[in-house]
Amino acid sequence: MRGATQTKWLVAATAIALAATACSTSSKSTDKAASGGGTIAVQLGEPQHGLIPQNTAESEGAEVLGALFAGLIEYDTKTNEPKLRVAESIESPDSKLWTIKLKDGYTFHNGEKVTAQSFVDAWNWGANQDNAAEGLPFFAKIEGSEDLSPGKDKKPTTDKLKGLTVVDDKTFTVALSAPFSQFKTMLGYNAFYPLPKAFFQDKKTFEEAPIGNGPFQMDGKWEHNQQIKIKRYDNFPASDGKAKLQGVTFKIYDKLETAYNDLRADNIQATDKLPISAMGTVKGEFGDRYIYKPESGVGYIGFPIATNPATYGKPEVRKAISMAIDREAITKTIFSGTRVPADDFVNPLIPGYRKGAMGDAAKYDPTKAKALWDSVGGVPNNTIELGYNADGGHKEWIEAVANQLKKNLGVEVTTKPFEKFGKILDALGAKQYSGGFRMAWSMDYPSIENYERPIFSKVAIENGSNYGGYVNEKFEALLDQADQAKNPEEGLKLYQQADDVLIEDLPYIPVYTYMSSAAYSKKIKNFDTDAQGRMNLDEVELAG
């Protein structure tokens, strides 16, 4: 996606969501509502832009959309395996032609029935390059996608994907241009959510108050930099589990410390991101209401290879920087153990991860780093810059990296804060920023492929999250071969070979993987987060 890749770009340093504007709420947020369930307030960061599922690639917008929509599948919170949700069945004899049947009972929040056409219309819109949706690359495997997305300076010749066919209200088929064994696994990602007719009639209104088909519906409009309120949708199917709370207010913060202090005062009841300053004491204060477990995120230092090849174009320069970073010191000292040093481009939760895959590139060795740096002449003017978003608690670790690079490579390093995560994404997407940059990725779906194509493929440069502009034809060929593998085992080996190409080239430097750092108040129970860092708001209840 242009504008988390696709998927989910992570904003906060200390959790898998973003952070946004400081704003306190009253503890009355947990008052019992007349219709039962009560209401709570939780932390959120300001989403990057309008709340359209096919155009949301960052964690904050996805958090809200995950409460407002129900997808064809969802992911098991313990195993990450895909489970049917709105879909009754998703079947294919050859991984190329897929038949999707829907369950009865799902409606949009305006009463419109969710049908096969609701999905087909949404996917056609997302796949059309004229709409510049960040989820566009997810539709690239569907037959006819090249007609809707012919590339820069070309116009679509149709507004419908050839591979999508509505059979009846409850059934549609998807013909892919080539077999893709991971297709079913993809379908829990928000780009594949359905859309109501109201979206196509008034997109601007929809962006501020989406009409979904999930357990919660909007309660008013998005109040930018302040809050987003949602309430239980009482017509949601009981078989899927109606929300237990009457309502939730997403309070938007731009300082994690402010949000944490509000949590401690019970002005909000949950947060899935914590400030670095809290890491040493949060366990003692919150006890078993502090959640600490692996999440699917990987934190990187990225490089604008295409925009600034003179500085960052040499793999040796990037490898020297990687070896000059003391990952152990950063994860233990800065993050108090709530991060783990990265040693692969793939998160350890994902099938296909290989411990130590990066080899020397991920090992702290200042002597070898300096020798490699000097062997290629370093960088022009002996100066580099590292950009980061200031709303996510990244200042400390980026400055620590800067100091390590100064000491170990003898290079001058400056740091550049961007006010909000969306600002740095916009600047990178428009190729207006030429420094190194902090970035992080959380899975859209539990597949090794999701850590490769959305971030590093050619298609993701203009219509995805390849903010560095990296291109490697060997990598592209291996992805294509893996997609069309005869079985998952063969495909996994080929995706790992593509991972090896990334390790050799280091278009980004994996620095750490995420651990969930969330906490909640005594006033609620059953709170948890999933591997994507999203809160299970439909299962939360008041404790009293």
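Here the structure is a predicted model, which means the values were calculated and not measured.

The rules behind each value
- Residues numbered from 1 in each chain as written.
- Predicted model: local features only at pLDDT ≥ 70, side-chain atom pairs only at ≥ 80, totals over all residues.
- Heavy atoms only, no water.
- Helix = DSSP H or I, 4+ residues; strand = E, 2+ residues; numbered from the N terminus.
- Rg over C-alpha atoms; globule rule 2.2 N^0.38 Å.
- Buried < 20%, exposed > 50% of the residue type's maximum accessible area, 1.4 Å probe, protein only.
- Areas by Shrake-Rupley, 256 points an atom, 1.4 Å probe, with all protein chains shown as cover.
- Lys, Arg positive; Asp, Glu negative; His and termini not counted.
- Charge placed at Lys NZ, Arg CZ, Asp CG, Glu CD.
- Contact = heavy atoms within 4.5 Å.
- Salt bridge = Lys/Arg side-chain N within 4 Å of Asp/Glu carboxyl O.
- Polar contact = N/O pair within 3.5 Å; in protein donor to acceptor, adjacent residues only side chain to side chain.
- Pairing = 2+ DSSP bridges.
- Axes fitted to C-alpha atoms, helices over the stretch in contact; angles between N-to-C directions.
- pLDDT = per-residue confidence, 0-100.
- Phe/Tyr/Trp six-rings, centres within 6.5 Å; stacked < 30°, edge-to-face > 60°.
- Left-handed = near helix turned anticlockwise from the far one by under 90°.
- Nonpolar A, V, L, I, M, F, W, Y, C, P; charged D, E, K, R; others polar.
- Expected span 1.5 Å × (residues − 1).

Scanning the protein from terminus to terminus reveals 18 helices and 20 strands. Computed over the C-alpha atoms, the radius of gyration of the protein is 22 Å, within 12% of the 24 Å expected from 2.2 N^0.38 for a compact globule of 544 residues. The buried share of the protein, reckoned over its 544 residues, is 61%. Total accessible area on the protein is roughly 19600 Å²; 48% of this is exposed by carbon and sulfur atoms. The average position of the 63 basic charges and that of the 72 acidic charges among the side chains of the protein differ by 2 Å.

What follows covers the environment of Ala306. Along the chain, the position of Ala306 falls in the loop between β13 (290-302) and α9 (309-312). Residues Ala306 and Gly469, 163 residues apart in the sequence, show an inter-C-alpha distance of 5.0 Å. Setting aside chain neighbours within four positions, we find Ala306 in contact with Gly468 and Gly469.

Another point: the pattern of salt bridges. Scanning all chains against the criterion turns up 25 salt bridges. In this structure, Arg354 and Asp500 form a salt bridge, with 2.9 Å as the shortest nitrogen-oxygen distance. Taken as a pair, Arg354 in the loop between β14 (339-341) and α12 (366-375) and Asp500 in helix α18 (residues 488-505) lie far apart in primary sequence, 146 residues in all. Owing to a relative accessible area of 24%, Arg354 belongs among the partly exposed residues under this scheme. Owing to a relative accessible area of 35%, Asp500 belongs among the partly exposed residues under this scheme. Among the ionic contacts, a cluster of salt bridges with common partners joins Lys141, Glu449, Arg453, Asp480 and Asp483.

Our focus in this paragraph is the side chain of Lys141. The residue Lys141 is located in the loop between α2 (116-127) and α3 (145-148) in this model. Within the local environment of Lys141, its side chain forms a polar contact with the side chain of Asp483, the two groups lying 2.3 Å apart. Residues in contact with Lys141, not counting those within four places in the same chain, are Leu176, Ser177, Phe180, Glu449, Arg453 and Asp483.

Overall, antiparallel pairing links the 4 strands, which are arranged β5-β6-β8-β7 in an open sheet. The open sheet has two edge strands, β5 (87-91) and β7 (164-168), and neither has a second partner. With strand direction ignored, the average angle separating the axes of adjacent strands in the sheet is 20 degrees. Set on the sheet, α2 makes contact with β6 (97-102), β7 and β8 (171-175); between it and β7 the angle comes to about 170 degrees.

Bringing the pairing of strand β2 (residues 39-44) into the picture now. Of all 6 residues making up β2, 5 are buried, and the element is well covered by its neighbours. Here β2 pairs with strand β11 (residues 247-252) via 6 bridges, running parallel. Bridging from a neighbouring strand, Ile40 pairs with Val248 of β11.

Looking at the protein as a whole, its pLDDT mean stands at 90, while 93% of the residues score no less than 70. Of the regions scoring below 50 in pLDDT, residues 13-34 engages in 111 contacts with residues more than four places distant in sequence or in other chains.

A few words on unusual backbone geometry. Unusually for a residue other than glycine, Asp153 sits at a positive phi of about 70 degrees. Along the chain, Asp153 falls in the loop between α3 and β7. Positioned with a positive phi, Leu506 is a non-glycine residue whose angle comes to about 50 degrees. Residue classification places Leu506 among the buried residues on the basis of a relative accessible area of 1%.

The full count for this structure, using the stated rule, is 29 aromatic pairs. Taking 6.4 Å as the distance between ring centres and 90 degrees as the angle between the ring planes, the aromatic pair formed by Phe456 and Tyr470 counts as edge-to-face. Here Phe456, found in helix α15 (residues 453-456), pairs with Tyr470, found in the loop between α16 (459-463) and α17 (473-483); they are 14 residues apart in sequence, far enough to count as distant. For Phe456, a relative accessible area of 0% translates into the label buried. According to the relative accessible area criterion, Tyr470 is buried, its value standing at 5%.

Another aspect to go through is the environment of Asp202. In this structure, Asp202 sits in the loop between α5 (197-201) and α6 (203-208). Along the chain, Asp202 and Lys152 lie 50 residues apart, while their C-alpha atoms are 27 Å from each other. Only 2.6 Å separates the side chain of Asp202 from the side chain of Thr205, close enough to count as a polar contact.

On to the packing of helix α11 (residues 327-334) against helix α13 (residues 395-409). Two elements in contact, α11 and α13, have axes separated by 11 Å at closest approach and are oriented at 145 degrees. Between α11 and α13 the crossing geometry is right-handed. Residues Ala329, Ile330 and Ile334 of α11 form the contact with α13, whose own contacting residues are Glu396, Trp397, Ala400, Val401 and Gln404. In the contact of α11 with α13, the residues fall into 6 nonpolar, 1 polar and 1 charged.

Turning to α18, a few remarks are in order. The terminal C-alpha atoms of α18, which comprises 18 residues, lie 26 Å apart, in line with the 26 Å expected from a rise of 1.5 Å per residue. Buried residues in α18 make contact with α10 (315-323), α15 and α17.

With that settled, consider the pairing of β11. Across the 6 residues that make up β11, a large majority, 6, are buried. Burial of the side chains of β11 extends over both faces: Gly247, Thr249 and Lys251 are buried on one face and Val248, Phe250 and Ile252 on the other.

Next up on the list: the environment of Leu161. Position of Leu161 relative to the elements: it lies in the loop between α3 and β7. Placed 43 residues apart in sequence, Leu161 and Ser118 show a C-alpha to C-alpha distance of 14 Å. Apart from residues no more than four positions distant in its own chain, Leu161 is found in contact with Trp123, Asn124, Ala127, Ile142, Glu143, Gly144, Ser145 and Leu148.

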